[in-house]
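Architecture at a glance
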Amino acid sequence: MRLIYKIKTDFTILLLTLAIIITSCKKDNDPEGPEPGTPEATTNQVALFGQKWARLAGSVNANNNRTLVYFEYGPSNSYGFTISADPDTLTDNTSTSVSAVVSGLIPGKTYNYRVKAVTASETVYGNDLTFKTSDTIKNVIVFNPGLTYGNVTDIDGNKYKTIQIGVQTWMAENLNAVTFSDGTAIPFVRESTVWAGLSTPGYCWYNYDSISYGGLYNWYVVSSTANGGKNVCPAGWHIPSDAEWETMVTYLGGGESAGGKLKETGTTHWVSTSPATTNETGFTAIPAGYRYFAGSFNSIKRYGYWWSSTGSSTSDAYCRNMNYGYNSVEKTSSSKKSGLSVRCIKD
């Protein structure tokens, strides 16, 4: 009996030992996860673009390999510019759509682009494609032919007429810069949800393409205290303060009638004007509308809003507005997230 019991016990111990060894070997040989592979990258055709911007598109499958995603673009297949995609990092084994909005492009020009997927050990490129930005729309502004204008050029090469009003010299056109005077690009923001969440500089054009009316900038672009000391105006010029706006309006006889002396005549840009609209100052105000702080666009050809550099509260800043139905200039305030026009004043 004892011998049989001992044999059974030894056999049981042997089985347990074998089970432990087999289990241990299995754990050692089991992979921790799917084997990472080479990413797959495909460049897709651009579907959304304007005169100075485009949304680049593509798809990337990371094949379980941590992959950073970029787009390369430029005026030839040598590219020259790189921008991070959205999303910019992938790790799974699924084909994912990626995109990036590029701005500061030249109207009517052809650009090459491709998507790029980068892992720790290799770089994979998508196919090369091209797109062409929209052609320039000639901006016919009705200036006062009886006045002598000066001119100034911004860092992007945009030229503006200037006019003296009293002791001040103002731009006679809405700003269209896409770069700060130190060479830093101003972010072009298309998506409404992104625009609504900004507390940093951003710009766009009305419905993304009304370049002839000038840019629409949030207050973080125009306030040097909010953007780290940057200036969006040409060298030697700055954003007018609330007091500087008031100096001009007072010089013109007050807000009730100043608008008619400042607005462009005719209906090239305004939906309608009155006989009291003379543009006798040469300021030539045109109504670019505005971008609501939540991201929508409103009131082009009907209202013009221009920033001052002066905040009115933690969330708002002072501006001036003019509309088609009145010849007044109204002082008001707007959310700092709003997109308004800009006129620069000479230092």
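Everything below is about the structure printed above this text.
Quantities reported herein were computed from a predicted structural model and do not represent experimental measurements.

**With respect to the pattern of salt bridges**
Here the structure, examined in full by the defined rule, presents seven salt bridges. Put simply, D242, E246, R320 and K331 are held in one network by salt bridges that share partners.

**With respect to the sheet that holds strand 19 (residues 330-335)**
Pairing within the open sheet is antiparallel, and its three strands lie in the order 17-18-19. For this open sheet the edge positions go to strand 17 (303-311) and strand 19, each flanked by a neighbour on one side alone. Direction aside, the axes of adjacent strands within the sheet are offset by 40 degrees on average. Contacts from helix 4 (residues 242-251) reach strand 17, strand 18 (316-323) and strand 19 within the one sheet, and its direction differs from that of strand 17 by about 130 degrees.

**Some points on the pairing of strand 9 (residues 150-153)**
Pairing of strand 9 with strand 10 (residues 159-165) involves four bridges; the strand directions are antiparallel. In the sheet register, T153 faces strand 10, and the bridge partner there is K159. The turn joining strand 9 and strand 10, which pair antiparallel and follow one another in sequence, is formed by five residues; a positive phi near 90 degrees is taken by G157.

Cut-offs applied
Residues numbered from 1 in each chain as written. Predicted model: local features only at pLDDT ≥ 70, side-chain atom pairs only at ≥ 80, totals over all residues. Heavy atoms only, no water. Salt bridge = Lys/Arg side-chain N within 4 Å of Asp/Glu carboxyl O. Pairing = 2+ DSSP bridges. Helix = DSSP H or I, 4+ residues; strand = E, 2+ residues; numbered from the N terminus. Axes fitted to C-alpha atoms, helices over the stretch in contact; angles between N-to-C directions. Contact = heavy atoms within 4.5 Å.

Geometric values such as these leave the question of function open.
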